[in-house]
Structures are given as C-alpha cells and as structure tokens.
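The residues making up each chain are set out below.
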There are 2 protein chains.
Amino acid sequence: MKALSSIAPIEMAHGAGGKTSRRLIENVILPAFANPALEALSDAAILTIGGMRLATTADGFVVKPLQFPGGSIGTLAVHGTVNDLAVSGARPLALLATMILEAGLPGNILQREIEAMAEACRHAGVQIVGGDTKVVEHGMADGMYISTFGIGIVDERLSLSAHAVRPGDRVLLSGAIGDHGITILLARGELDLESNVRSDTRPLTPFVDALCERAAPGLRWMRDPTRGGVATSLNELAREAGIAVALNEHAIPVHDDVRGACEILGLDPLHIANEGQLIAIVAPEYAEEAIAALQSVAGGEEACVIGEIRETPVATVLTETSYGGSRVVDTLVGDPLPRIC
Amino acid sequence: MKALSSIAPIEMAHGAGGKTSRRLIENVILPAFANPALEALSDAAILTIGGMRLATTADGFVVKPLQFPGGSIGTLAVHGTVNDLAVSGARPLALLATMILEAGLPGNILQREIEAMAEACRHAGVQIVGGDTKVVEHGMADGMYISTFGIGIVDERLSLSAHAVRPGDRVLLSGAIGDHGITILLARGELDLESNVRSDTRPLTPFVDALCERAAPGLRWMRDPTRGGVATSLNELAREAGIAVALNEHAIPVHDDVRGACEILGLDPLHIANEGQLIAIVAPEYAEEAIAALQSVAGGEEACVIGEIRETPVATVLTETSYGGSRVVDTLVGDPLPRIC
C-alpha cells in the first residue's frame, strides 16, 4: 500500500471519475480489499452463484442541484444503477437504496424524489426491494444524498470483456454527448448562459435489449460514459485491452448548446458526463446491424459509429482533428464539473 | 399516499429507527414503491432467483464521531450489513460500499477506515466486490458517510418469519444491551462521565452458525436490535405477529456503566442501540440447546432467555418491574441518541 501522503487530503477531484479517482482506487482501495471481482474495475461486479452470473453494482449520488431540466437526484439514482447493470449485459432484477437526509429538508422535496425514483423504476421495469434512511443535522448533507445498489442476471448470450476487443472492431455511440454535465452546470445558475439543453438521464436497458436481439454475437464490451465522459471510458478500455481507440471527431454527435457551452468554458465534450448514452465495441461484421438496433429505440436516432479499434499506439485514444492531424484524448484530469451525479 | 404535511419537514427522529421513522416508511416510502419484498419490512429483502433464496440488504452509516472505543464507521458499515444478512438466516456472500467523502478529509483517516472495513471483512469472512466514491465540498459530510449493500444465500434449514412465532416460544438475547449507543454518546465528550464501555460491534454470523447447527428446527425469528434497541425490535415483532412479548426485566444483561449512564440521562437501556447482539425467538423445546449454542461462541457468554411469547395483550411488549407489577415497553419515540450508526 502506498504512503499516506499519496492520498492526503481528499479533494473534489478524488470524486470526479478521472485520474485522481483512479489513483485513490488503485493505491488505497484495491490493495485493502484485493479480490478478483473488485479488481475487474468494471461498472458491475459479476458473481457466479449456483451456475448463474449475477451482476451487482453500487453508486452514490450527490448531484447539486437536486432537480434539473430532464431529471433529479431520484431519477439519476435509479437510472445510474440500472445502467451499470445494463452495460454489464445484465437484466436488472432489484434495487436497494439508502438515503442520507438533512434535518429541515422539506417533506415535499423528499416525497418528490421518492416519487421520481418510483417512476424511474416503473419505466426501467425494476423494483426497489429494500433500503435505509438516515438523518444528519441541518447544513450537513445538502438536502439529500442517495446510494443505490443493483442486482441483475447477466444475459447468457453475452460474454463482454475488454479482453475480447480486437483491432478492426467498431466503436458505437448511442447519441449526442455532454447533455447531462452541461445541464447540471447551467442549472446551478452561476453562468449567464441561456440554453434548452436537458439531461439525457434514462434507462439504457432498451438499447442493450435491442443490441442483444440483433447483434449479441458481435458485442465485445459496453460502458455508459458517466463521470469523466467518453474520453475516460475509452481510455480505461484502451489501457485494459492494450489497444488503441481511433475516433472520428466529426462523427461524434454533440448538440449545439453543449458545443457552445464547452467552447466558452474551455471544456472538451469528450470529458463531459452523460447519464443516458452507451458506448459499445462491436465486431465489424455486426456494426451495421447494431447501429440499426440502437436507432430503432426511442432516443437512439443519433446512434452512429464514432471510431474503430487499432493495434497501436497501445493504451491510447486518438482523434482526428479538423485539420487532418490527430491528437491524443486523455483521461479527465481534475474536476471541471463537480457533483454532476 | 398521505398529504405532504404529514412528513414535512424532516427531523432527526426520522432517522432514529423509532415511531417517526416508521411513519415516514409507512406513509411515504411504501406507497411509492409498493412490492411484497419491500413490504416485509425485515432486515433483508429475500429474492428467489433460480430456486435459490437470496437475501439483500442496504444500510447507511453516518455515525459521529467516526472512531469510538471498540470500532469506527468502517467497522460498523461491514458488521451492520453482515448482521442484517445473518439475522435473516443468510450466509453473507459479498458486500458493496459507497463512500461520500468530504473535501479536506485527511488521507490517513480515509485509509484507516478502508483498512477497518477490510479487517472487518476478513473477520466476517466476506469480500467487498464493488463500490463508488463521491466527494462533496468541505463542511458537507462530516468527514465521511458510508452506505453498504450485502447479498447472501439463505440457509436451507431455516424459514424465519414473525408469523412462525407461537405463544410459549422463548425470547433469547445473545448478551448485554446498550453498549454501542452509550459508547457513542460518551465518545462525543459532551458529558462529563468516565466509563470503560466499548461498542459491541461485531459480526453475528458465528452466533447464527451455532444456532443453525444445534437448534435450526426451533428457530422462528431473529433480529439484531440496532437503532431503537431491543424494545423497538420486539414491538415490531409483537405487532407483525399479533402476539405479546413478556420480558423478565431482571434477566436482561446490562453492564453497570451502561445502566449508570442510562439512569443519569433518563434513558431506558431497552431503547439503546446495539451493534453486536442478536434476539432469537425459539421454540421452548429448543431453548436450552440454543442458549448453549450462543454461549459456546466467544462474546456469547452472557446469552440468556429474557422472556417468552404470550397470546395477549396483542401487539404489546411488557416487562415485569422490580415491584412485581408490569409495564408496557413502547417503541422508541423521538431521538435521544442521534447518529449512533
């Protein structure tokens, strides 16, 4: 285990899903809890019980503000967990949730969030079967924090793994990126920007179902690019699989409002969090069918191929620029958008 | 669903595990998420998957201070979840944990708590297979909050239920009560009391294993009396089973320091939280063997019969007083000891 100084003190970037988060996990958490399920560092841990592959996942939610265009902390808490199961190839079976509430939280806000969770559960076809509620003093929890846990059964047709990814495979994206992160940033009202952007928060199960129906044998790996964005998810893949990801920057859908906000703020849309998009790595012979599958689902109309897997440069994500050159797309560094989920 | 006014605003007592918590759950949470697994309101939700009974449970931890004699938030987070599985008759398979960290938390405190969790896992024979870390601004999370999720397989020999409880059954307790709650209260340093009391936090799996080995056919119902204490757990049983619980107050083990602190503070030890005790309702013909089983486990030396189940008065817990009369022991009301877990 590394010296204490390597992790002291905790800063916002430790929770941003980028390089600092990864250092915390690799230097402090993994050595303490060493076991194969955890070390996979995927969205969900796969446990084999009685011959079944069960996927389990846990997510904390501290989004600020609690409510924003397109959703709220309750919606996010359900979708985030459902989606971690979905991209692991698992059908969600049950969720549990713990709520840490601030004394003084108006009852109608709590009730609104509980109803938002219930509605998101109905939409995603899953039930909340248990949970816990704790209350802390006024001023201590920003209204409420939610942690959600999910359990699901992995689809028998799938065996997803970074190690299954091969040069020539296609990189598919379900739709436009950055909507969620920019929505949260604007909802805080600290920037004087007008926009109609809304969070993309939604369950990814319909996308995964459609992919499984039409392209299961070609599916290699999936991820929902939340904190750290598409760039961070693909860097994790590139490092784990020992391959290169070559992106066609022009192909990546970004809504105008998001592109504009990113230009003003000096942010890369590839680093902005999404809560309703899916990246799938698909064998080339299944790519066309997989895109058709994604486009057949409501909300998947913008699905497209955004790049391909190459042999080199190993552990690298590249994108071709507008000038014909290429640039390295790194993992998120620091925390430009704290508390977006 | 009840009117908003019935839950507004949130107060500390909503998290205390007593009457106010129950109103929040019954009036707001259950109507929104209505499903049989949740409505059982037990320590763990039982899901039947592929013929196996899986127990799942979720707990939030906001204990203050983070460290106290006998344990810390990390120890509690593991034991609390392992114990909810154990008293549901399940062998813990895997845990997941989310941490909400406050920016500025010294790295050595985080590392200490992660090591405390890892050590508690080794002791309880369970692994942490996944999790999530979020960071909030300084001042927003009292150092750290932890939520833990557990999954286990229910022992085939058991079918525990409040509805299995019969008049004449014995009420067994694994040891002295109130140690945890009083330890936390004193650890805050707000009271000028000297004491050697230590939290009883520990895994209950050895107790449950011993009971299963020697008295499985006689086991009706188990619970770990945490928030709200023995009084609240037994009132929940009495109400759900439609029976009376008659306690022999003299038989209930309470350490002198705990009794003294309770007398000074006007608290009833039966309302104080425990983190390493187990209540078991056992058929009379198995009571002796079950006590021997509990006493055979380290820490179970004080295990004893503290009362019995009667037909009437329905949904009531009674205790005989030192003067030969009897008094009703109610569920916890209010929150005399906030944030004890």
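Here the structure is shown first, and the text comes after it.
Residues numbered from 1 in each chain as written. Chains lettered and ligands numbered in written order. Predicted model: local features only at pLDDT ≥ 70, side-chain atom pairs only at ≥ 80, totals over all residues. Heavy atoms only, no water.

Counting its secondary structure elements, chain A contains nine helices and 14 strands. At 19 Å, chain A has a C-alpha radius of gyration in line with the 20 Å of a compact globule built from 341 residues. Its C-alpha atoms give chain A principal-axis dimensions of about 55 × 55 × 50 Å. Residue burial in chain A is summarised as follows: out of 341 residues, 62% are buried. Sequence separation of at least 24 residues holds for 83% of the intrachain contacts in chain A that already meet a minimum separation of 6. For chain A, the exposed area adds up to about 12,300 Å²; of that, 49% sits on carbon and sulfur atoms. Distance between charge centres in chain A, computed from 25 positive and 42 negative side chains, equals 4 Å. (Helix = DSSP H or I, 4+ residues; strand = E, 2+ residues; numbered from the N terminus. Rg over C-alpha atoms; globule rule 2.2 N^0.38 Å. Buried < 20%, exposed > 50% of the residue type's maximum accessible area, 1.4 Å probe, protein only. Contact = heavy atoms within 4.5 Å. Areas by Shrake-Rupley, 256 points an atom, 1.4 Å probe, with all protein chains shown as cover. Lys, Arg positive; Asp, Glu negative; His and termini not counted. Charge placed at Lys NZ, Arg CZ, Asp CG, Glu CD.)

Residues and elements named next belong to chain B. Spatially, the seven strands line up as an open sheet ordered E9-E11-E8-E12-E10-E13-E14, and their pairing is mixed. For this open sheet the edge positions go to strand E9 (219-223) and strand E14 (326-328), each flanked by a neighbour on one side alone. Going from strand to strand, the sheet's axes swing by 25° on average, the running direction of each strand aside. In the sheet, strand E10 (residues 244-248) pairs with strand E13 (residues 316-320) via five bridges, with the strands oriented parallel. Counterpart to Ala244 in the pairing with E13 is Thr316. Together, strand E8 (170-173), E9, E10, strand E11 (279-282), strand E12 (304-310) and E13 form the strand contacts of helix H7 (residues 229-241), whose direction differs from that of E9 by roughly 135°. Across the sheet, helix H9 (residues 287-295) touches E8, E11 and E12, and the angle it forms with E8 is around 5°. (Pairing = 2+ DSSP bridges. Axes fitted to C-alpha atoms, helices over the stretch in contact; angles between N-to-C directions.)

Take the pairing of E11 of chain B next. Residues and elements named next belong to chain B. The alternating pattern of E11 places Ile279 and Ile281 on one face and Ala280 and Val282 on the opposite face, and all of these are buried. Two elements, E9 and E11, share four bridges in a ladder whose sense is antiparallel. From the neighbouring strand, Met222 faces E11, where its bridge partner is Ala280.

For the rest of this paragraph, the subject is the packing of aromatic side chains. Counted by the stated rule, this structure contains two aromatic pairs over all chains. A ring pair is formed by Tyr145 of chain A and Tyr145 of chain B, whose centres lie 6.2 Å apart and whose planes are at 45°; its orientation type is tilted. Here Tyr145 of chain A is found in strand E7 (residues 144-154), whereas its partner Tyr145 of chain B is found in strand E7 (residues 144-154) on a different chain. A residue is classified by how much of its surface remains accessible, and Tyr145 of chain B, at 1% relative accessible area, is buried. (Phe/Tyr/Trp six-rings, centres within 6.5 Å; stacked < 30°, edge-to-face > 60°.)

Before going further, it helps to spend a moment on the relation of the copies chain B and chain A. Rotating chain B by 180° and moving it 0.0 Å along the rotation axis overlays it on chain A with an RMSD of 0.0 Å. Overall, the copies show the geometry of a two-fold rotation axis. Measuring from the rotation axis to each C-alpha of chain B, the shortest distance belongs to Met140 of chain B, at 2.3 Å. Mapped onto chain A, 99% of the interface residues of chain B are again interface residues, and the two copies thus contact each other with one and the same surface. (Least-squares fit on C-alpha atoms with pLDDT ≥ 70 in both.)

Looking now at the layout of surface pockets. What the largest pocket holds in volume is close to 990 Å³. Surrounding the largest pocket, 48 residues form its lining, Ile25, Ser42 and Arg227 of chain A together with Gly131 and Asp132 of chain B being those nearest its centre. Contributions of two or more residues to the lining of the largest pocket are made by helix H1 (19-33), helix H2 (36-39), strand E2 (52-61), helix H3 (73-87) and helix H7 (229-241) of chain A together with strand E5 (90-102) and strand E6 (127-136) of chain B. With seven residues, E6 of chain B is the single largest residue contributor to the lining of the largest pocket. (1 Å grid on protein atoms, 1.4 Å probe; cavity = no way out; pocket = protein on both sides within 12 Å on 5 of 7 lines; lining within 4 Å. Points joined across faces, edges and corners; volume = space filled by probe spheres on them.)

On to the packing of helix H5 (residues 179-187) of chain A against helix H8 (residues 256-265) of chain A, then. All names here are of chain A. Contact pair H5 / H8: the axes reach a minimum separation of 10 Å and the direction vectors enclose 65°. Here H5 and H8 pass one another in a crossing that is left-handed. Contacts from Asp179, Ile182 and Leu185 of H5 reach H8 at Val258, Ala261, Cys262 and Leu265. Across the contact of H5 with H8, the residue classes tally to six nonpolar, no polar and one charged. (Left-handed = near helix turned anticlockwise from the far one by under 90°. Nonpolar A, V, L, I, M, F, W, Y, C, P; charged D, E, K, R; others polar.)

Before going further, it helps to examine the pattern of salt bridges. Residue and element names in this part refer to chain A. If you walk through the whole model with that rule in mind, you get 42 salt bridges over all chains. Glu113 serves as the salt-bridge partner of Arg112, at 2.9 Å between the closest nitrogen and oxygen. A relative accessible area of 28% places Arg112 in the partly exposed class. For Glu113, a relative accessible area of 1% translates into the label buried. The network of salt bridges with common partners includes Arg22, Glu26, Asp43, Arg223 and Glu236. (Salt bridge = Lys/Arg side-chain N within 4 Å of Asp/Glu carboxyl O.)

This paragraph deals with the state of the cysteines. All names here are of chain A. Tallied over the full model, the rule gives zero disulfides over all chains. With no disulfide partner, Cys304 has as its closest neighbouring cysteine sulfur the one in Cys262, 17 Å distant. Residue classification places Cys304 among the buried positions, given a relative accessible area of 17%. Unpaired in this structure, Cys341 has its nearest cysteine sulfur neighbour in Cys262, at a distance of 17 Å. (Disulfide = S-S within 2.5 Å.)

All names here are of chain B. Of all the residues in H9, the buried ones are Ala287, Ala290, Ile291, Ala293 and Leu294. The arc enclosing the buried residues of H9, seen along the axis, measures out at 155°, which places them on a common side. Buried residues in H9 make contact with E8, helix H6 (205-215), E11 and E12. (Arc of directions from axis to C-beta.)

All names here are of chain B. Considering the arrangement of structural elements, one finds His79 in helix H3 (residues 73-86). Classification of His79 as buried rests on a relative accessible area of 4%. With sequence-adjacent residues up to four places away left out, His79 is seen in contact with Ala120, Thr201, Arg202 and Pro203.

All names here are of chain B. Along the chain, Leu95 turns up in strand E5. Between the alpha carbons of Leu95 and Gly130 there is a distance of 7.4 Å; along the sequence they are 35 residues apart. Residues contacting Leu95, with those up to four places away along its chain left out, are Val78, Thr81, Val82, Cys121, Val126, Gln127, Ile128, Val129, Gly130, Thr148, Phe149 and Gly150.

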